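Coordinate analysis (summary)
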Protein chains: 2
Amino acid sequence: MTRIVHVNGDELAEDQAKVSVFDRGFLMADGVYEVTSVLGGKLVDFPGHLARLGRSLGALKIANPHTDEEWLAIHRRMVESNGIDEGLVYLQVTRGNPGDRDFAWVEGVAPTVVLFTQSKPGLADSPQARDGIRVIMLPDLRWRRRDIKTVQLLAPSLAKMEAKAQGADDAWLIEEGVITEGTSNNAWIVKDGRIVTRGLSTDILHGITRAAVMRLAAEAQMTVEERGFTPEEARAADEAFVTSASAFVMPVVEIDGARLGDGRPGPVARRLREIYLEDARASAL
Amino acid sequence: MTRIVHVNGDELAEDQAKVSVFDRGFLMADGVYEVTSVLGGKLVDFPGHLARLGRSLGALKIANPHTDEEWLAIHRRMVESNGIDEGLVYLQVTRGNPGDRDFAWVEGVAPTVVLFTQSKPGLADSPQARDGIRVIMLPDLRWRRRDIKTVQLLAPSLAKMEAKAQGADDAWLIEEGVITEGTSNNAWIVKDGRIVTRGLSTDILHGITRAAVMRLAAEAQMTVEERGFTPEEARAADEAFVTSASAFVMPVVEIDGARLGDGRPGPVARRLREIYLEDARASAL
C-alpha cells in the first residue's frame, strides 16, 4: 500500500511526493519539523507540538503557513487517509523555494509544507519498552541552538549509527563532561528515588513528552531535579530512561556496557510510562 | 531562459528538477556539496574540489557515485548546456532516498546527485572586489565538524542575514574569543607585512581557495602565519580579506564598523587576488 503524502496542500502518492532541488530545506537544512504520535487514531500531545512548531518557526523567522485549526485538520486528514491507528505523523516546514541558492534568504517566499505518516502497530506496547534499551556515550557535535527543532540532523544520525555499530540501541551525548540528551530524546536517570533530567536551555530540545512527564511525575508526588548529570552518575544510577514523542517513556537498562540494577526496566520508568500513556490517550485529539 | 539542472543523470528544466521528500538531504541534511567557479568557460581549482568532495563523502560514509573523470564530464556538460562563461557550478550529493525516515540509515541506497549553474558575468571583476566588503563579528553556532562540507547551513545563513540587518556584508564567526572563519569563506588579516589565517582543524572548512592562496603567497615570498586571531587583532589589522571559491580573494575594508587603514582594499589583498585569478585561469579545466 502506498502512503498518501501531503505536499503544499496536495495529497500525493508517496512516489510522487517531491520538492524542488532549490528548496532551502534541501540546499541549506533551512526547515523545522515535528513528529506527533498517534494512539487509537488520535493525535498525542498535539497542542504542545503545535506550540513548539510555532517557536521553531519564529526563531528562524519563517512565517507559520497555517493556523492551529488548519494544522489539526491537515494532521487528522493524514491519519484518516493513511488509516493510522498507532504510528506517527511527521511534519516539516521549510523556508521554501526562492528559485535560486543564496545564503541570504528573500522575504515573501511561501514555506514548503510536507507531512507523511508512519504506521507502527504495537507502538504503545513495544518489545523495546518491555526489555529496555542500551545506550553508549558519544561527544555532542551538534550546533548551539538545539532548542530549535531543525532538520540539521547529521550529528544525531551519525551518533545513532555509531551506537548501533557498537552493539547498542542509542547514544547519550556528552558536552563539557555532562550529558545533554539522547540522539532524538531527552535523557533521565533515577537515583535513591530522585529523578534527574537536564534543565531547559538552548543546549537541549524542549521535549513535549519531557514536559508531560515532568507534570505527571509531580502529580504522582515524585521528585524531579532539573540539572545536568555526568556519565559517572548515569552508570551508577538505579535506573534510567529516555522520553520522546515516538518512544514515550523508554527504559534504559544498560549504559556503556554496564547494567543498571538487575538489567530490567526499573519501577519508576515503568510507572511513568504507564501514567504517561494513560494521560496521552485521554488527552489525544 | 530556464536553466538545465542535473538530477541523477537526467538533465531537466529547472522547474522540473525535484527530489523525493524522503531524500535524506531534505529530511536530515544528510548531504555534502561543492561550489566550483567558472572563468572563461572553464572550471577553477577543480581537482581540489573533487578531492574535498571525496573527503566529505568519506567522512559521512556515503559512496562517491562517480569517478573523477565522470564528475569532470558532468561539470563540463553543465557549463556547456547553460552557456556559462563566468559563474558557478553547484554540486550536491546526498545519502539518497531510502523510502522512509529513520535516524539510522540503510546501506545500499543510491546517493542523490544534483548539479546546477549560476551565471555571474563580471564575477572576476566585481564592484565588491574593487570597493571591499564590511564584516561584523557574531558567535559561531555551527556543529563541530566544519571540515565536512555539509548542507547544514542554517547557522551561516542566519549569521549572513544578521550581518545584512546590521548594514554589513558578511559576518566573521567567533568561538572561545577567536575567529574561526566567515559564514562561507576563510578569514585573513594582514599586520606589519605578516598574513594571518586560522590553521586547519575540524573547526573550519578547508578552503580550496585558501590552499591556493597559501601556496601563491609562499611563492611570492609573503609570510603567512596559520593561527587563530582575535576580534581585537582583526580591528587593529592593516588590512583583511576573505577567500572562497566564489569570491576568490575579497578585500575586507571595515570590521565591526571600524575602517581598516584608509578604508580601501589593501595592497596585499589586491596583489593576492591578482595572482590568484591569474593562476586560476591558467589552471582551469
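So, here is what we can say about the structure in this document.

What counts and how
Residues numbered from 1 in each chain as written. Chains lettered and ligands numbered in written order. Predicted model: local features only at pLDDT ≥ 70, side-chain atom pairs only at ≥ 80, totals over all residues. Heavy atoms only, no water. Phe/Tyr/Trp six-rings, centres within 6.5 Å; stacked < 30°, edge-to-face > 60°. Helix = DSSP H or I, 4+ residues; strand = E, 2+ residues; numbered from the N terminus. Buried < 20%, exposed > 50% of the residue type's maximum accessible area, 1.4 Å probe, protein only. Lys NZ or Arg CZ within 6 Å of the ring centre and 35° of its normal. Least-squares fit on C-alpha atoms with pLDDT ≥ 70 in both. Contact = heavy atoms within 4.5 Å. Buried area = accessible area lost by both parts, 1.4 Å probe. Salt bridge = Lys/Arg side-chain N within 4 Å of Asp/Glu carboxyl O. Polar contact = N/O pair within 3.5 Å; in protein donor to acceptor, adjacent residues only side chain to side chain. Nonpolar A, V, L, I, M, F, W, Y, C, P; charged D, E, K, R; others polar. Pairing = 2+ DSSP bridges. 1 Å grid on protein atoms, 1.4 Å probe; cavity = no way out; pocket = protein on both sides within 12 Å on 5 of 7 lines; lining within 4 Å. Points joined across faces, edges and corners; volume = space filled by probe spheres on them. Axes fitted to C-alpha atoms, helices over the stretch in contact; angles between N-to-C directions.

**Points about the packing of aromatic side chains**
Under the defined criterion, the tally for this structure stands at 12 aromatic pairs over all chains. Taking the centre distance of 4.6 Å and the plane angle of 50° together, the rings of Phe22(A) and Phe116(B) count as tilted. Of this pair, Phe22(A) sits in the loop between strand E3 (18-20) and helix H1 (24-28) while Phe116(B) sits in strand E7 (residues 112-119), each in a different chain. The same class applies to Phe22(A) as to Phe116(B), namely buried. The interplanar angle of 25° and the centroid separation of 4.7 Å between the aromatic rings of Tyr90(B) and Phe116(B) together place this pair among those described as stacked. Placement of the pair is Tyr90(B) in strand E6 (residues 87-94) and Phe116(B) in strand E7, with a sequence separation of 26 residues. Taken as a pair, Tyr90(B) and Phe116(B) share a single burial class, namely buried. Among the aromatic side chains, those forming a connected cluster through ring pairs are Phe22(A), Tyr33(B), Tyr90(B) and Phe116(B). The side chain of Arg95(A) reaches across the aromatic face of Trp105(A), ending 3.5 Å from its centre.

**Observations regarding the relation of the copies chain A and chain B**
When chain A is fitted to chain B, the best match, at an RMSD of 0.0 Å, comes from turning it 180° and sliding it 0.0 Å along the axis. Taken together, the turn and the small shift mark the pair as related by a two-fold rotation axis. A share of 100% of interface residues in chain A that are also interface residues in chain B marks the association as one of identical surfaces.

**Notes on the interface of chain A and chain B**
Contacts between the two partners involve 55 residues from chain A and, on the opposite side, 55 residues from chain B. Approximately 4,700 Å² of surface area, both sides summed, lies buried where chain A meets chain B, with 69% of it carried by carbon and sulfur atoms. It is Phe26(A), Phe103(A) and Leu154(A) in chain A that bury the most area against chain B; as a group they hold 17% of the surface buried on that side. Counting across the chain A and chain B interface gives 2 salt bridges. The salt bridge partner of Asp100(A) is Arg3(B), with a shortest N-O separation of 3.0 Å. Taken together, the connections running from chain A to chain B amount to 23 residue pairs in polar contact (both at pLDDT 80 or more). If you list the elements that add at least two residues to the side of chain A that touches chain B, you get strand E1 (4-7), E3, H1, strand E4 (31-39), strand E6 (87-94), strand E7 (112-119) and helix H5 (154-165) of chain A. The element contributing the most residues to the side of chain A that touches chain B is H5(A), with 8 residues. In the side of chain A that touches chain B, the residues fall into 28 nonpolar, 12 polar and 15 charged. The sheet contact formed by E3(A) and strand E3 (residues 18-20) of chain B spans 3 bridges and is antiparallel. Paired with Val19(A) across the bridge in E3(B) is Val19(B).

**Details of empty space enclosed by the protein**
Under the definition given, this model contains 1 cavity of 30 Å³ or more. For the largest cavity, the calculated volume is near 80 Å³. What lines the largest cavity is simply Leu141(A), Arg142(A), Trp143(A), Gln152(A), Ala155(A), Arg142(B), Trp143(B), Gln152(B), Ala155(B) and Pro156(B). Taken together, the residues of the lining of the largest cavity sort by class into 6 nonpolar, 2 polar and 2 charged.

**Looking at the pattern of salt bridges**
If the charged atoms of two oppositely charged side chains come close together, the side chains can form a pair. Applying the stated criterion across every chain yields a total of 56 salt bridges over all chains. Between Asp256(B) and Arg235(B) there is a salt bridge whose closest N-O contact spans 2.6 Å. Residue Asp256(B) is located in the loop between strand E15 (248-255) and strand E16 (258-259), and its partner Arg235(B) is located in helix H7 (residues 231-235); the two are separated by 21 residues in the primary sequence. Residue Arg235(B) is classed as partly exposed on the basis of its relative accessible area of 32%. Linked through salt bridges whose partners overlap, the residues forming this network are Asp140(A), Arg142(A), Arg144(A), Arg146(A), Glu175(A), Glu181(A), Arg198(A) and Asp203(A).

**A closer look at the environment of Lys18(A)**
Assignment of secondary structure puts Lys18(A) in strand E3. Between the C-alpha atom of Lys18(A) and that of Val114(A), which follows or precedes it by 96 residues, the distance is 9.3 Å. Apart from the residues within four sequence positions on either side, Lys18(A) is in contact with Val7(A), Lys18(B), Val19(B), Ser20(B) and Val21(B).

**Quick look at the pairing of E7(A)**
All names here are of chain A. Taking burial as the measure, the 8 residues of E7 include 7 buried ones, the bulk of the element. Sheet topology note: the E1/E7 ladder contains 2 bridges and is antiparallel. Bridge pairing links His6 to Leu115 in E7. Direction of pairing for E6 relative to E7: antiparallel, over a ladder of 8 bridges. Its bridge partner being in E7, Gly87 is matched across the sheet by Ser119.

**Description of the sheet that holds E7(B)**
Consider a sheet: its strands pair through backbone hydrogen bonds, and that pairing is either parallel or antiparallel. Residue and element names in this part refer to chain B. Across the sheet, 6 strands lie side by side as E2-E1-E7-E6-E4-E5; this open sheet has antiparallel pairing. The two strands at the open ends of the sheet, each matched to only one other strand, are strand E2 (10-13) and strand E5 (42-43). Where strand E1 (residues 4-7) lies against E2, 4 bridges are found, and the strand directions are antiparallel. Bridge pairing in E2 places Ile4 opposite Ala13. The strands that helix H2 (residues 46-59) touches are strand E4 (31-39), E5 and E6; relative to E4, the one it contacts most, it runs at about 175°.

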